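Listed here are the chains, written in short residue letters.
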Amino acid sequence: MSKRPTIQSVAERAGVSRGTVDRVINNRSYVSAEVRARILKAIEETGYVPPRQTQPIEQPDAFPPLRLGVVLPNWTGSFKNEVAEGIAKARRELAPYHVEIRVCVCETDLPVECIEHLDALVEWGAQGIALCALNDIIIEAKVGELADRGIPCVTFNSDLPGSRRLCFVGQDYTKSGRIAAELLSKCVPRNARILAMVGNLEYHGHRTRLDGFCARMHELGFAAAQIEITETYNNYRLTCDKVRQALQDTPDLAAIYMANRSVTGCTDALRQAGAIGKVHVVAHDVSARTKLLLQEGSLDFTITQDMVRQGYLPLILLRELLHKGEHPQKDQLSTRISIICSQNID
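Parameters and conventions
- Residues numbered from 1 in each chain as written.
- Predicted model: local features only at pLDDT ≥ 70, side-chain atom pairs only at ≥ 80, totals over all residues.
- Heavy atoms only, no water.
- Helix = DSSP H or I, 4+ residues; strand = E, 2+ residues; numbered from the N terminus.
- Buried < 20%, exposed > 50% of the residue type's maximum accessible area, 1.4 Å probe, protein only.
- Contact = heavy atoms within 4.5 Å.
- Areas by Shrake-Rupley, 256 points an atom, 1.4 Å probe, with all protein chains shown as cover.
- Pairing = 2+ DSSP bridges.
- Right-handed = clockwise from strand over helix to strand, strands pointing away.
- Axes fitted to C-alpha atoms, helices over the stretch in contact; angles between N-to-C directions.
- Expected span 1.5 Å × (residues − 1).
- Polar contact = N/O pair within 3.5 Å; in protein donor to acceptor, adjacent residues only side chain to side chain.
- Phe/Tyr/Trp six-rings, centres within 6.5 Å; stacked < 30°, edge-to-face > 60°.
- Lys NZ or Arg CZ within 6 Å of the ring centre and 35° of its normal.
- Salt bridge = Lys/Arg side-chain N within 4 Å of Asp/Glu carboxyl O.
- Core = buried A, V, L, I, M, F, W, Y, C linked by side-chain atoms within 4.5 Å.

> Would you mind showing me how to read the overall build of the chain here?
Along its length, the chain carries twelve helices and twelve strands. A burial count over the chain gives 52% of its 346 residues as buried. Put simply, of all contacts in the chain between residues at least 6 apart along the chain, 72% involve residues at least 24 apart. Entry remark: accessible area of the chain is about 16200 Å², with carbon and sulfur atoms responsible for 50%.

> What's the story with unusual backbone geometry in this structure? I'm lost.
Both trends apply: most residues other than glycine have a negative phi, and most peptide bonds are in trans. We note that Tyr233 has phi near 55 degrees; this positive angle belongs to a residue other than glycine. Its location among the elements puts Tyr233 in the loop between strand E7 (227-231) and helix H9 (236-249). We classify Tyr233 as partly exposed; its relative accessible area is 45%. Unlike most non-glycine residues, Asp285 shows phi in positive territory, near 70 degrees. Note that Asp285 resides in the loop between strand E9 (280-284) and helix H11 (288-296). With relative accessibility at 9%, the residue Asp285 sits in the buried group.

> Explain the pairing of strand E5 (residues 167-170) here, please?
Side chains Cys167 and Val169 of E5 all project onto a buried face; the interleaved residues Phe168 and Gly170 project onto the opposite face, where all are buried too. Where E5 lies against strand E11 (residues 332-334), three bridges are found, and the strand directions are parallel. Residue Gly170 lies in a different strand from E11, and its bridge partner there is Ser334.

> Sorry if this is basic, but what is going on with the pairing of E7 here?
Within a regular beta strand, the side chains point alternately toward one face of the sheet and then the other, so they alternate between its two faces. Relative to E7, strand E6 (residues 193-198) runs parallel, the two being bridged by five bridges. Residue pairing for E7: Ala196 is matched across the bridge by Ile229. Note that the unit made of E6, helix H8 (residues 204-219) and E7 has a crossover that is right-handed.

> Mind showing me how you'd approach the sheet that holds E6 here?
Two orientations exist for strands paired in a sheet by backbone hydrogen bonds: parallel and antiparallel. On the basis of which strands lie adjacent, the open sheet formed by six strands has the order E7-E6-E8-E9-E10-E12 and mixed pairing. Two strands close off the open sheet at either side, each with one partner strand: E7 and strand E12 (337-340). Neighbouring strand axes in the sheet, compared pairwise and without regard to direction, differ in orientation by 15 degrees on average. Each of strand E8 (253-259) and E9 touches helix H10 (residues 263-272); the most contacted strand, E8, lies at about 160 degrees to it.

> Any chance you could explain helix H6 (residues 137-148) here in plain terms?
Counting along an α-helix, one turn takes 3.6 residues, and residues three or four places apart therefore face a common direction. Between the first and last C-alpha of H6 there are 17 Å, a value that for twelve residues agrees with the 16 Å anticipated at 1.5 Å per step. Within H6 the residues assigned to the buried category are Ile139, Glu140, Lys142, Val143, Gly144 and Leu146. Looking at the buried side of H6, the elements it contacts are helix H5 (111-124), strand E3 (128-131) and strand E4 (153-156). The opening residue of H6, the one whose side-chain oxygen lies 2.9 Å from the backbone nitrogen of Ile138, is Asp136.

> Where do I start with the environment of Leu94 in this structure?
Mapped onto the secondary structure, Leu94 falls in helix H4 (residues 77-94). Taking the C-alpha atoms as reference points, Leu94 and Gly47, 47 residues apart in sequence, are found 27 Å from one another. Discounting chain neighbours no more than four positions away, the residues touching Leu94 are Leu68, Val99, Leu315, Ile316 and Arg319.

> Can you help me understand the packing of aromatic side chains in this one?
Two aromatic rings are characterised by how far apart their centres lie and by the angle between their planes. Applying the stated criterion across every chain yields a total of four aromatic pairs. Taken together, a centroid distance of 5.9 Å and an interplanar angle of 65 degrees make the contact between Phe63 and Tyr97 edge-to-face. Of this pair, Phe63 sits in the loop between helix H3 (33-46) and strand E1 (66-72) while Tyr97 sits in the loop between H4 and strand E2 (99-105); the two residues are 34 residues apart in sequence, bridging distant segments of the chain. A relative accessible area of 15% means that Phe63 is categorised as buried. Look at Tyr97 and you get buried, because its relative accessible area is 3%. Members of the aromatic cluster, connected to one another through ring pairs, are Trp75, Phe79 and Tyr203. Over the ring of Tyr312 we find Lys89, and its NZ or CZ is 4.6 Å from the ring centre. Positioned above the aromatic ring of Tyr97 is the side chain of Arg319, whose terminal nitrogen or guanidinium carbon lies 4.1 Å from the ring centre.

> Would you explain the pattern of salt bridges in this entry?
As a working rule, side chains carrying opposite charge can pair if their charged atoms are close by. This model, assessed by the stated rule, comprises 17 salt bridges. Arg336 is paired through a salt bridge with Asp306; the nearest N and O atoms lie 3.2 Å apart. Separated by 30 residues along the polypeptide, Arg336 in the loop between E11 and E12 and Asp306 in the loop between strand E10 (301-305) and helix H12 (307-324) bring together distant segments of the chain. Note on Asp306: relative accessible area 15%, which makes it buried. Members of the salt-bridge network, linked through shared partners, are Arg178, Glu182, Lys186, Arg216 and Glu219.

> How should the nonpolar core be read in this particular structure?
Nonpolar side chains in soluble globular proteins tend to end up buried together. Residues Ile129, Leu131 and Phe156 are the most contacted members of the largest nonpolar core, which totals 49 residues. For this core, the leading source of residues is H12, giving seven residues. The residues contacting Phe156, other than those within four sequence positions of it, are Val70, Val71, Leu72, Phe79, Val83, Ala130, Leu131, Cys132, Phe168, Val169, Gln310 and Pro314.

> What exactly am I supposed to notice about the sheet that holds E1 here?
As summarised here, the arrangement of the six strands in space is E2-E1-E3-E4-E5-E11, forming an open sheet in which the pairing is parallel. Either end of the sheet is taken by a strand with one partner, and the two such strands are E2 and E11. Taken over all neighbouring pairs, the strand axes of this sheet differ in orientation by 20 degrees on average, direction set aside. Sheet contacts for H12: E1, E2, E3, E4, E5 and E11; angle to E1, the most-contacted strand, approximately 150 degrees.

Structure (structure tokens):
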């Protein structure tokens, strides 16, 4: 008598792990369409019957067409590249379920431009929208208006906490700012003068990260007067100029906290002033250029986040809600935080 087929039989036939088979059997996400199809074929060929199965295995053709929109800010570098990678991953995974994704990219930080993109996506037929936008009252009101029309929005990377968005996908920015303060405090004396550079305080993520940094520095005994705060709008030239000015105004400047993305502007200004190694720098996120700065010693630490997941997960959550009625289990879905130095770049 032949043995009864098992989940291991299916896994071996499909060339995947038992855990991947289990995700397909229980209709969980994060399995590519190609792998899912292979597992379904293996289940059919082996005759495997999942124990205690309470619902049929998800079949892509059972779902109606779905249109999802994405609104991105005018940010470049690692944010643009990694979020685009996450969106592309979601597009590949959701294509068999008849999901079409359209991406709109803002050219400015003007709230009205974001509103125009949201309106354009609704006119196109978007049934759900993922967005990273300014923490502005008119954008929050627009998200509430869309919710009233049955169009859920998921925020990512930078939240709109006062809006009626479905949920937020991103880093715990308060925690990441506090981690930056903890690292910097180990590098300088308690009377040190520090420059904190933020991209744009109108973005909730930037502001929250800075708040976490300042709160922890205060807890560690640093006075508010020791920390100079300035906005650079993630602009290379403006960052260079601000750092040069700070070095002139504060000859004893000991450290710079880069809560924005223009890290090269900061280190270039330090290099021109002969201050590399004299002024400690802690930043966020990682790129090819950031890795070089870590290797050469211009940058002490950088604190990373999973921006690929930030581009990917909002679209998966919207699809699960609109196709299957499954709401996110949490209001805020945090992505991992890692500390990178010259010794663990890879």
